[in-house]
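An overview of the molecular structure
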Amino acid sequence: MISKPKGTKDIYGTVAKRWKYVEKVIDEVMEKYHYGYIRTPLFESTELFHRGVGETSDIVTKETYDFLDRGERSMTLRPEGTAGVVRSYIEDKMYGDAIQPVKFYYNGTMYRYERPQAGRERELTQFGCEVLGSDDPAVDAEVISLAAQIYRILGLKNVTIHINSLGDADSRNNYRQALVKYFEPHLDLLCDDCKSRFAKNPLRILDCKVDGESELFENAPKMVDYLNEESKKRFEKVLEYLDILEIPYVVDSKIVRGLDYYNHTVFEFESDINETGSTMAIGGGGCYNQLVSELGGPEVCGVGFGSGMDRLLLALEHEGAQLPVKEDIDLYLLYVNDEEKKYAIYLAQELRMNGFIVEMENMKRSLKAQFKQADRLKAKFTIVLNSAELDEDEVTIKNTRTKEEEKVQIDALIYYLDENLEDDDFMCDCGDECHHHGE
RNA sequence: GCGAUAUUGGUGAAGUGGUUAACACGCUGGUUUGUGGCACCAGUACGCAAGGGUUCGAUUCCCUUAUAUCGCCCCA
């Protein structure tokens, strides 16, 4: 047997329906915020992902799917969405467009060469957005509120927004130095991982799982105190706008994000996915004011966020959120003899073209087994085709819920179904403003 | 890259160094010759991830590999 590659998943059945629903919500919300859908290549030049990420992390060396194509060009399966969007922005000179800022959203598979674990696959699906060309803090707030809206509409409740500011390049460097100075005398108290973080990426020390709660860490310098005046004002604006939007947040100085290209606002959406009560980031993002120029474009600001579908669905499941997923069918056609079967083939097609979800027997089952099948399919109606009745141009249709049977002229069948199929598909608890169903 | 645990039919699983691998669900058929969902009866793993080893004998012990789950590193 050939099995799927490590860290990949087959998605089908009810799970696939949940995915499609979530994707529909994403599309609708993105559209209202006026973000244009963008599809960029699944693979790009390796250099695209390696530049900008910097030398500090393992990402470049061991966590991307790299390969040489037949022309000996080094290619990489995209590990995230931002780089491709920024590349496209630069390549197509969108910074010259009349409409600014440029706003995009994406939704697609990404590839990371990692060991799978909870909420972490090698092939993953992420959606996200990018705004390029504006440094207005209102854009930061918009991006955050957009993500918050998607989560809210999906029914996710236990999500906390952690937000922080890294300031501009100067502030960030000052803070980095302060951290180094602070931890240096206590180096021997740190865990082994932190010792290497100290050398490679001191900001990450704050994320330590071993002794992140210790006194040493509590007294560590805070980013906020190292923001210069301008950066501080900018951050306050972002928070003010979030207040206007009535979006609750927690200022969390431990949010630093891993990569160097972030400036100013950074944020993460945390959900309590595990039974253990520990939290997991289901999305995050921030400003990246150097990435565009790093990749060969103009000095332009970017803001974006990305969110993992797998973790999002995990969180929805964990919270028991009800997604409006349709699992039943309208009608199941049963038959016994060949003449009836032929009519079933015809009738199924006819009714499907008229908008009904129709299924028919295709397994040569006994009539009894056909009824069982109709149950399993949760058919709202069944028709047992009967030669004698067909000669009279009529069928007996049975409502599986009320058990009532009725003789109906075949000509009147569509009308009958229209009348009798109630629209009780689902209830959703998104309040009066809910427009996302029934279309 | 590192670590822990696991891998038994269509599914959930129990179990043991030794004749026929529990139980349940499902599925198929029958009781009921074209109206099910209930009930009862019957059938349903030539095999316990793959390969190698130890042994008179292994699904059970050992090794290797693969896969899965969870964690570490990293986190875009």
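Parameters and conventions
Residues numbered from 1 in each chain as written. Chains lettered and ligands numbered in written order. Predicted model: local features only at pLDDT ≥ 70, side-chain atom pairs only at ≥ 80, totals over all residues. Heavy atoms only, no water. Helix = DSSP H or I, 4+ residues; strand = E, 2+ residues; numbered from the N terminus. Rg over C-alpha atoms; globule rule 2.2 N^0.38 Å. Contact = heavy atoms within 4.5 Å. Buried < 20%, exposed > 50% of the residue type's maximum accessible area, 1.4 Å probe, protein only. Pairing = 2+ DSSP bridges. Axes fitted to C-alpha atoms, helices over the stretch in contact; angles between N-to-C directions. Core = buried A, V, L, I, M, F, W, Y, C linked by side-chain atoms within 4.5 Å. Salt bridge = Lys/Arg side-chain N within 4 Å of Asp/Glu carboxyl O. Near = heavy atom within 4 Å. Polar contact = N/O pair within 3.5 Å; in protein donor to acceptor, adjacent residues only side chain to side chain. Nonpolar A, V, L, I, M, F, W, Y, C, P; charged D, E, K, R; others polar.

Broken down by element type, chain A carries 15 helices and 16 strands. Taken over C-alpha atoms, the radius of gyration comes to 28 Å for chain A, far larger than the 22 Å a tight globule of 439 residues would show. With the C-alpha coordinates aligned to their principal axes, the bounding extent of chain A is approximately 95 × 55 × 50 Å. Of the contacts made within chain A by residues no fewer than 6 positions apart, 69% connect residues no fewer than 24 positions apart.

Next up on the list: the environment of Ile 357. Looking at the element boundaries, Ile 357 is found in the loop between α12 (338-353) and β13 (358-360). Classification of Ile 357 by relative accessible area gives partly exposed; the value is 35%. Residues Ile 357 and Lys 32, 325 residues apart in the sequence, show an inter-C-alpha distance of 30 Å. Among residues more than four places away in sequence, those in contact with Ile 357 are Lys 326, Asp 328, Ile 329, Asp 330 and Leu 331.

One open sheet holds the five strands; their spatial order is β13-β12-β14-β15-β16, and the pairing between them is mixed. Looking at strand neighbours, the two that pair on one side only are β13 and β16 (405-409), the edges of this open sheet. Across the sheet, the mean angle from the axis of one strand to that of its neighbour is 30°, orientation sign disregarded. Taken together, the three bridges between strand β14 (residues 379-384) and strand β15 (residues 394-399) define a ladder with antiparallel strand orientation. From the neighbouring strand, Ile 383 faces β15, where its bridge partner is Ile 397. In the packing of α12 onto the sheet, contacts are made with β12 (329-334) and β13, and the angle to β13 comes to roughly 165°.

Adjacent strands of a sheet pair through backbone hydrogen bonds, lying either parallel or antiparallel. Read from one edge of the open sheet, three strands run β2-β4-β3, paired in antiparallel fashion. Looking at the sheet topology across the chains shown, the edges are occupied by β2 (43-45) and β3 (66-68). Neighbour to neighbour, the strand axes of the sheet diverge by 35° on average, direction disregarded.

This part takes up the nonpolar core. In this structure, Met 30 and Phe 305 are the most contacted members of the largest nonpolar core, which totals 91 residues. For this core, the element with the most residues is helix α5 (residues 137-154), which contributes ten residues. For Met 30, the residues in contact, after removing those within four places along its chain, are Tyr 35, Tyr 105, Phe 127, Gly 128, Cys 129, Leu 146, Ile 150 and Phe 305.

What follows concerns the pattern of salt bridges. One pass over the full model with this rule turns up 21 salt bridges. When the shortest N-O distance is used, the salt bridge between Arg 204 and Asp 207 registers 3.3 Å. Assessed through its relative accessible area of 37%, Asp 207 is described here as partly exposed. One salt bridge in this structure joins Arg 257 and Glu 268, with 3.3 Å as the shortest N-O distance. In this pair, Arg 257 is assigned in the loop between β8 (250-251) and β9 (263-271) and Glu 268 in strand β9, connecting sequence segments eleven residues apart. Residue Glu 268 is classed as buried on the basis of its relative accessible area, which comes to 15%. The network of salt bridges with common partners includes Lys 326, Asp 328, Asp 330 and Lys 380.

Close to RNA strand B lie 41 residues; Arg 120, Arg 197, Gly 258, Asp 375 and Arg 376 are nearest. In the interface set of RNA strand B, defined as its atoms within 4 Å of the protein, sugar plus phosphate atoms amount to 44%. The contact in question runs from a base nitrogen of RNA strand B to an N or O atom on the side chain of Gln 117, over 3.4 Å. Take Ala 118: an N or O atom from its main chain is 3.0 Å from a phosphate oxygen of RNA strand B. Counting only elements with at least two residues in the surface near RNA strand B, the list comes to α3 (59-62), α7 (192-200) and α13 (367-376). Here the surface near RNA strand B gets six residues from one element, more than from any other, and that element is α13. When its residues are assigned to classes, the surface near RNA strand B shows eleven nonpolar, eight polar and 22 charged.

Quick look at the side chain of Asn 164 now. Note on placement: Asn 164 falls in strand β7 (residues 159-165). Side-chain polar atoms of Asn 164 contact the backbone oxygen of Ser 253, separated by 3.4 Å. Among all residues touching Asn 164, those that are not within four sequence positions of it are Met 223, Phe 235, Asp 252, Ser 253, Ile 255, His 264, Thr 265 and Val 266.

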